[in-house]
Structure formats: C-alpha cells, structure tokens
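Chain by chain, the residues:
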Amino acid sequence: MPDSQPQHPHSPGNDSTAESTALLLCGARLTDGRTVDVRLDNGRIEAVGTAGSLVARSKRVDLAGYVLLPAPVEPHTHGDTALSAETEGPVSYDGPDVQRRAAEAALLQLAHGATAQRAHVRIGDVHGLGPMEAVLQARRSLRGLTDLRTVAMPRLLTGLAGADGLAMLRDAVKMGASVVGGCPDLDPDPTGYVETVLEVAAEHGCAVDLHTDGGDPARLGRIATMTGGLRPGVTIGPCGGLGRLPREVAARTADQLAAAGVTVVCLPQGGCAGVDRRGTAPVRLLRAAGVRVAAGSGALRDMANPVGRGDPLEAAYLLASRYGLRPEEAYDCVSGAARAALGLPEVRVEAGFPAELIAVRGDELAGALSLAYSRIVVHWGRVVARTSAVREYCDSAALDLPRQGRAGKPLEGGGGGQR
C-alpha cells in the first residue's frame, strides 16, 4: 500500500477483522452540555444517545468527567529534526537515528491527541533522500496508531544548483511523500521555486505545503495568483512576517489568499526549522478575510525550539489566551481547519462520522484547554493513547476539595487528590 494512503488496523485484509471492533464511550460530556453515550464500530461513530441509552456489544470506556471532542490534527511538524536539541555534537541523520526520532516524536504528539500528522522532511544536500526514507519507515511502523504524512522539502529548485533538488523531489514523491513543498524564500528565484513545486504537484496529484515567513506581500500575492483554485489544495506557513506588515497591507494580502483558497498554518508555540524568523501570523485578520487558518506545533525540541511540546491543545490555548479567539474558534484551528488542510474528512460527534476523537478531563471546552492534562485518544474507533494526571495536596482532607475521578493514594499526612 502506498505511503500516501493510511492503512487502518481494521481494514480489509487485516487479521484483526476477526475480532469485534465495537467500543462504547459512556457518559461523555459534549461541548453543547449534553451527557451522552457514543458507540463506535468499524472506524466510525455508529450511534450517539443519551447517557445510559446505548448497549455495549463489546468493550466500554467510562468517560464521566471528560469532554469528548473531534481529535486534533498536527498540520506542521518536522520529523527529521525532532528531539535533536540535546544531541551532543552534530545531529545524526543516519537512517536508524532519524527513524527513531521521528517515531518517538509522532507518538508524543499522538499522546497529546494528534491522530493525523504532517511531517516536513528536508531532502537533498549531503543527506539526499535518507531522511525521507527514514520518516517513511517510521510512518509504516506507526500504522494503526497515527496517520503520519510527509512533505518533501528540497532546498533549491531553480538554476543549475536546483537540478538535483528537482530530481530528488520527484523521487521523494515516488517513494511515498504525499505532499510537495519547501521554502521558496531560500531559493535565489522564489517565484521559479513555487512554479516548479506546482509543476511537480500537478504531475503527481499532490497537495502543496510551502514554508514562508510571509513578510513580502508581493511574493505572497504571486503565490496566491499561481496557486488559486489548485486541487487538492495549497497550504503556506508559518507566515509570521505577515503580522509585521502594516495592517492595511496585511489585510489586502489576506484578501488575496482568501480568494485563492490558500490555507495558512500558524505556529503559536514557536518557530520551526523551515524559517529563520519567529512570530505568529495575524490569525484574527486572516480569519476575518475568510482565510482558513490552522495551527501547528512547528519544532519539537530541536534547535529551532528546544522546548517545543508538539501539543495541539496548547496551540489552541495560546490562540485563545494570547490572540483573542474564542475557545471554539481556537480549537477549530487544530481540529476542523487542520483536518481540512490535510484533506481529511470532517469529524463531528455524530453518527456516521469518522471515529477520530479525544476525551479531555473537564466540564467544558474552555476548562479542557486550560487544564488539558488527562486525555484519552481514539483513532479509527479504538483507544490508542491514554494520559492520566493526578494532583495531590498534603494535609488537605479538611479542605473538602472536589475530586476528579478515582482518588489516588493520599500523600503522607492525610492529603487528598485530584485527577
């Protein structure tokens, strides 16, 4: 099966089809305030009913005290450089090292809730296609856990120096890279770079995902003109430079991007290896213009951001707390909008939709974004990751603290606990 197509754990031809795939999620709170049971089967939501109304045919998970949401998606990560910040000496790009880092990073982000991820991978220079092959190997090892997709990023694509980059870009797509991209800002001919990427994308029917700081409105305007209406779609990011432009200039540029149907992926948690400058795109201005805005993580503990967490819920929290979005709008940037940017089907907690879900400890969305410690992640209708946090206080029995979930073992001195 080509790497551009996800293989689900219960798809035809997989031995696991002999077992029941049904799962009942009991007593979950939805964002509209209802408490419901949700039955999953064959990778989809089969039924949603009031709490206690659905019968479990097989396994069940108690979600009392959790908010149930469509699972987030990670639209912008760097699998080849992730988890390399603490490496002594030069970062190793040997295949096994890159594969290990990419797989570990993908699992960390899965634990945060990302059931689908798009990893940008550099190709060319002295490393050739080695990092791409290593990340594709990591992708294959993670099938059934998370859907890891790859973007091929050549450094140069124009002139004599770009000939090798173009050949490697085509080879990367043949190997299994599902998206073509790169950073036109680094090429001597940025417009020629974009034209070449679009040519390769048209040849292979690939999506396009370009790194750009976005500080040159004329260049963004040309990108909008060249990519307008392209299918399966064009994404650019992180576009922090767009936020440094005069507001009226940024607004005109946003109108051009909206008219062209270009998606912007911002990085509220920090920078990434693809651009040198930091800053977050003007999210509210872009959304007001009609631009689809998704939010990604960027660097995950590499030299571009040694403390990057790769947490989509933190990205949503930052969009709400620092950039003025309502919690629902902020979460859409890491879920609905991010899924659309990756060409994935919409998810709602309704019958018939894909069973890509996350349950977060809390009573409502704002609280979940604020204190998103305990999480249960569902991919293709099965629980693939759990994270539990227990908070305990010494000598707190007299305070009559509210308990979340089952109480853990008290601290010495008779403390109470919160989950």
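Residues numbered from 1 in each chain as written. Predicted model: local features only at pLDDT ≥ 70, side-chain atom pairs only at ≥ 80, totals over all residues. Heavy atoms only, no water.

- As recorded by an unreviewed UniProt entry, the chain carries the name Hydrolase and is attributed to Streptomyces sp. NBC_00119.

### Quick notes on the sheet that holds strand S7 (residues 116-123)
- The 8 strands are arranged S6-S7-S8-S9-S10-S11-S12-S13 in an open sheet whose pairing can be described as parallel. Of all strands in the sheet, those bounded by a partner on one side alone are strand S6 (74-77) and strand S13 (293-295). Strand-to-strand twist of the sheet, defined as the mean angle between neighbouring strand axes without regard to direction, takes the value 25°.
- Against the sheet, helix H3 (residues 163-175) engages S7, strand S8 (147-154) and strand S9 (179-182), with an angle of about 165° to S8. (Pairing = 2+ DSSP bridges. Helix = DSSP H or I, 4+ residues; strand = E, 2+ residues; numbered from the N terminus. Axes fitted to C-alpha atoms, helices over the stretch in contact; angles between N-to-C directions. Contact = heavy atoms within 4.5 Å.)

### A closer look at the environment of His127
- Among the secondary structure elements, His127 is positioned in the loop between S7 and helix H2 (130-141).
- Overall, His127 belongs to the partly exposed group, its relative accessible area being 38%.
- When the C-alpha positions of His127 and Tyr93 are compared, they lie 7.1 Å apart, and in sequence the two are 34 residues distant. (Buried < 20%, exposed > 50% of the residue type's maximum accessible area, 1.4 Å probe, protein only.)

### Considering the pairing of strand S15 (residues 375-379)
- For S15, a buried count of 5 out of 5 residues is recorded, marking the element as mostly surrounded by other parts of the structure.
- Where strand S14 (residues 357-361) meets S15, 4 bridges bridge the pair, whose relative direction is antiparallel. Within S15, the position partnered with Val360 by the bridge is Arg375.
- Sheet analysis places S15 next to strand S16 (residues 382-387), joined by 5 bridges and oriented antiparallel. Across the sheet, Arg375 pairs through a bridge with Thr387, a residue of S16.

### Here we look at the packing of H3 against helix H4 (residues 190-204)
- The contact between H3 and H4 brings their axes to 11 Å, and the two run at 30°. Relative to H4, H3 is oriented roughly parallel. Like other packed secondary-structure pairs, H3 and H4 cross with a definite hand, here right-handed. Judged by residue contacts, Leu166, Leu169, Arg170 and Val173 of H3 engage Thr196, Glu199, Val200, Glu203 and His204 from H4.
- Of the residues that constitute the contact of H3 with H4, the class distribution is 4 nonpolar, 2 polar and 3 charged. (Parallel < 35°, antiparallel > 145°, perpendicular 65-115°, else oblique. Left-handed = near helix turned anticlockwise from the far one by under 90°. Nonpolar A, V, L, I, M, F, W, Y, C, P; charged D, E, K, R; others polar.)

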